[in-house]
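# Descriptive structure summary
Letter by letter, the chains look like this.
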Amino acid sequence: MKLRNSIHFGLMHLHNKKSIFILSSIILLVGIIVTYHIFSIYFSVYKEVLETRKVFGDNRENLYKINSAYITTNFVYYETYHDFLMELRKYYDIGIYECTSLSIESGCSSAIKEHISQNLNQTGTNQNLVSIPVVKIDNELVQTVGIRTDDNKTLQLKIREDGQIEVAAGSFYKEVVNIGDTFENPHTGKKYIITSFLEEGQEWIPASIYNNTIISLDTYFLTPFDLQEYTDFSCAVYVNNVYLTLNPAEAKEQINKIETLAEKNNIFIDIVSYKENEQEHIAHNKSVYDLSLLLSIIMFITVFVVIGIMAILSWMFDYHDIGILYANGFTDSDIRNIILHENLFKMVFPLMLSYGYLLSSMSNSGLDKSYSLLIYGVIIFIYTVEMVLCSYLSYRFIRRYAPIRLLGGEGI
């Protein structure tokens, strides 16, 4: 009868331990996946801020954007806007850019045409022409945002006295062009010369600072921006691509002067600092940002409490076994390590399953792979810390009782 009861108790003990182990693993798996999705919302709101800061570099606090506050089909207005900027450049550091493309003769190098058509997914490329994406940009803006060459120097571009336009090529073109190579635009007759390669991994924002695609300069040619060549409606291509560098301490006074000058010329502009633009973007998304952070904290606390209770319950069935371990010479640190190892083992299957889920859903998260892995790593680290804390709590709960009481199966 005693043997039967012992066997029954043993089976119940194993059944309870197994049930608690499975339930803990399921809770951890659900916690990891749910927290990952909540964190993805949190990071997706803030990632634009981080990526934009990286694009504009360390001098972004001095950067102001001059936006056009008026759209018209009257080309005279744009010519006036052009003259206004020409006047403004005499007194202020004005940076302007334009995103466009460059058609060059493929006959100068068949390797270029083949390289671009195979890797840039261009359509409509014929036998004679190949189109390369181009950013025309002022040296003032280049220095402000810190665009660099592959030898870690600040980029400098100019139009030479013989009319050749200097070009900095993205790293994508290193295989097919060399320093000193020249090209010609068959439509305009302008000649270009490769003078440097860009440092790999640099980016640019082609339009509005936020809510816009960030492009990689690896696949672009950079050329100097010549404001004098723009007339009539061609001025409209850059009216919202104008930056101004000011000392923040003097910015308010200088902006008032610029706006007064614009008003005299019947030009309608809106000058916004990079800092104000960033704060406005964060404020616009603040509710989503705060809610996602709050939900993440609640999820971590919930899992910690539930797993902590499960861990303590798990060891409540092992008082007798722990008493035997003490009787056989196991120390407190040995018992603590056993509890820790068992609790950490509960994370193995949730880790495997959640990582597989992460890989399958990564393309739909809207985040880059690096951000997704960072989020996942942070979550796993936090849950690992929680499991360590749960192990410590379980150990402290067990240490409330003398080994002789544990050996007798007495716990609570």
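For the structure itself, look to the data block above.
Throughout what follows, the structure given in this document is the object of discussion. Everything quoted here is computed from the prediction, not taken from an experiment.

Criteria and cut-off values
Residues numbered from 1 in each chain as written. Predicted model: local features only at pLDDT ≥ 70, side-chain atom pairs only at ≥ 80, totals over all residues. Heavy atoms only, no water. Helix = DSSP H or I, 4+ residues; strand = E, 2+ residues; numbered from the N terminus. Buried < 20%, exposed > 50% of the residue type's maximum accessible area, 1.4 Å probe, protein only. Contact = heavy atoms within 4.5 Å. Areas by Shrake-Rupley, 256 points an atom, 1.4 Å probe, with all protein chains shown as cover. Patch = residues over 30% accessible without salt bridge, like charges linked within 9 Å, V, L, I, M, F, W, Y side chains within 5 Å. Salt bridge = Lys/Arg side-chain N within 4 Å of Asp/Glu carboxyl O. Core = buried A, V, L, I, M, F, W, Y, C linked by side-chain atoms within 4.5 Å. Polar contact = N/O pair within 3.5 Å; in protein donor to acceptor, adjacent residues only side chain to side chain. 1 Å grid on protein atoms, 1.4 Å probe; cavity = no way out; pocket = protein on both sides within 12 Å on 5 of 7 lines; lining within 4 Å. Points joined across faces, edges and corners; volume = space filled by probe spheres on them. Nonpolar A, V, L, I, M, F, W, Y, C, P; charged D, E, K, R; others polar. Axes fitted to C-alpha atoms, helices over the stretch in contact; angles between N-to-C directions. Left-handed = near helix turned anticlockwise from the far one by under 90°. Pairing = 2+ DSSP bridges. Parallel < 35°, antiparallel > 145°, perpendicular 65-115°, else oblique. Expected span 1.5 Å × (residues − 1). Arc of directions from axis to C-beta.

This part takes up the overall build of the protein chain. When helices and strands are tallied, the protein chain shows twelve helices and eleven strands. Split into buried and exposed, the 412 residues of the protein chain put 42% on the buried side. For the protein chain, contacts bridging at least 24 residues in sequence account for 79% of all contacts bridging at least 6. Of the roughly 21,900 Å² of accessible surface on the protein chain, a fraction of 56% belongs to carbon and sulfur atoms.

A word on a nonpolar patch on the surface. Together, Leu 293, Ile 297, Ile 301, Val 305 and Ile 309 make up an exposed nonpolar region whose accessible area comes to about 410 Å². Taking relative accessible area as the criterion, Ile 297 reaches 42% and is therefore assigned partly exposed.

Ranked by size, the top nonpolar core spans 27 residues in total, and within it Ile 66, Tyr 81, Leu 85, Tyr 238 and Ile 269 carry the most contacts. In terms of residue count, the dominant contributor to this core is helix H2 (residues 75–88) (six residues). In contact with Tyr 238, other than residues within four places in its own chain, are Tyr 81, His 82, Leu 85, Ile 96, Tyr 97, Phe 225, Leu 227 and Tyr 230. Counting 25 residues, the second largest nonpolar core, distinct from the first, contains Leu 198, Trp 204, Ile 205 and Tyr 220.

With that out of the way, let us pick up the side chain of Ser 354. Along the chain, Ser 354 turns up in helix H10 (residues 348–361). At a separation of 2.6 Å, a polar atom in the side chain of Ser 354 contacts the main-chain carbonyl oxygen of Pro 350. A polar atom in the side chain of Ser 354 sits 2.9 Å from the side chain of Tyr 376. When neighbours within four sequence positions are excluded, Ser 354 is seen to be in contact with Leu 29, Ile 32, Ile 33 and Tyr 376.

A water-sized probe rolled over the atoms picks out the places where empty space is left. Here the structure, examined in full by the defined rule, presents one cavity of 30 Å³ or more. Counted as a void, the largest cavity has a volume near 60 Å³. Considering the residues around the largest cavity, the lining is formed by Lys 136, Ile 159, Ile 165, Lys 190, Tyr 192, Thr 223, Pro 224, Asp 226 and Glu 229. Each residue belonging to the lining of the largest cavity can be placed in one class, and the counts come to four nonpolar, one polar and four charged.

Our next topic: the packing of H2 against helix H5 (residues 251–264). Packed helices, taken two at a time, are described by the angle between their axes plus the distance between the axes. Closest axis-to-axis distance for the H2/H5 pair is 11 Å, and the angle between their directions is 145°. In terms of crossing hand, the pair formed by H2 and H5 is right-handed. Where H2 abuts H5, its residues Phe 84, Glu 87 and Leu 88 lie against Ile 258, Leu 261 and Ala 262.

Moving on to the environment of Thr 302. Its location among the elements puts Thr 302 in helix H7 (residues 286–316). You can call Thr 302 partly exposed: its relative accessible area is 39%. Considered as a pair, Thr 302 and Gly 31 are 271 residues apart in the sequence and their alpha carbons are 8.7 Å apart.

Let us look at unusual backbone geometry. Within the chain, Asn 152 stands out as a residue other than glycine whose phi angle is a positive 65°. Among the secondary structure elements, Asn 152 is positioned in the loop between helix H4 (139–145) and strand E4 (165–169).

A word on the pairing of strand E9 (residues 221–224). Taking every second residue as pointing to the same face, both faces of E9 are buried, with Phe 221 and Thr 223 on one and Leu 222 and Pro 224 on the other. The pairing of E4 with E9 spans two bridges and is classified as antiparallel. Paired with Ala 168 across the strands is Leu 222, a residue of E9.

For the pair H10 and helix H11 (residues 369–398), the least separation of the axes is 11 Å and the interaxial angle reads 160°. For the element pair H10 / H11, the angle class is roughly antiparallel. As H10 runs across H11, the sense of the crossing is right-handed. Residue-level contacts link Leu 351, Ser 354, Tyr 355 and Leu 358 of H10 to Ser 372, Leu 373, Tyr 376 and Ile 380 of H11. Grouping the amino acids of the contact of H10 with H11 by side-chain chemistry returns six nonpolar, two polar and no charged.

It is worth spelling out H2 at this point. With 14 residues, H2 should cover 20 Å at 1.5 Å per step; its first-to-last C-alpha distance of 20 Å lies within 8% of that length. Residues of H2 that are buried: Tyr 77, Tyr 78, Tyr 81, His 82, Phe 84, Leu 85 and Leu 88. Projected down its long axis, H2 shows its buried positions confined to an angular sector of 160°, all on one face.

Turning our eyes to something else, we now look at the pairing of strand E6 (residues 191–197). Among the seven residues that make up E6, five are buried, leaving the element largely enclosed by the rest of the structure. Sheet analysis places E4 next to E6, joined by five bridges and oriented parallel. In the sheet register, Ala 168 faces E6, and the bridge partner there is Ser 196. With antiparallel pairing between neighbouring strands as the criterion, strand E5 (residues 182–184) and E6 make up a hairpin whose turn holds six residues, including Gly 189 at a positive phi of roughly 80°.

A separate point is the pattern of salt bridges. In this structure the tally under the stated criterion is ten salt bridges. Between Arg 89 and Glu 140 there is a salt bridge, and its shortest N-O distance comes to 3.9 Å. Here the residue Arg 89 occupies a position in the loop between H2 and strand E2 (93–105), and Glu 140 occupies one in helix H4, the gap between them amounting to 51 residues. By relative accessible area, Arg 89 is classed as partly exposed at 25%. Among the residues examined, Glu 140 registers a relative accessible area of 36% and is labelled partly exposed. What emerges from the salt-bridge pattern is a single network uniting Arg 89, Asp 138 and Glu 140.

Take helix H9 (residues 332–345) next. End to end, H9 covers 20 Å across 14 residues, agreeing with the expected 20 Å (1.5 Å per residue, within 8%). Looking at H9, one finds that the buried residues are Ile 335, Ile 339 and Asn 343. For H9, the buried positions fall inside an angular range of 65° around the axis, keeping them on one side.

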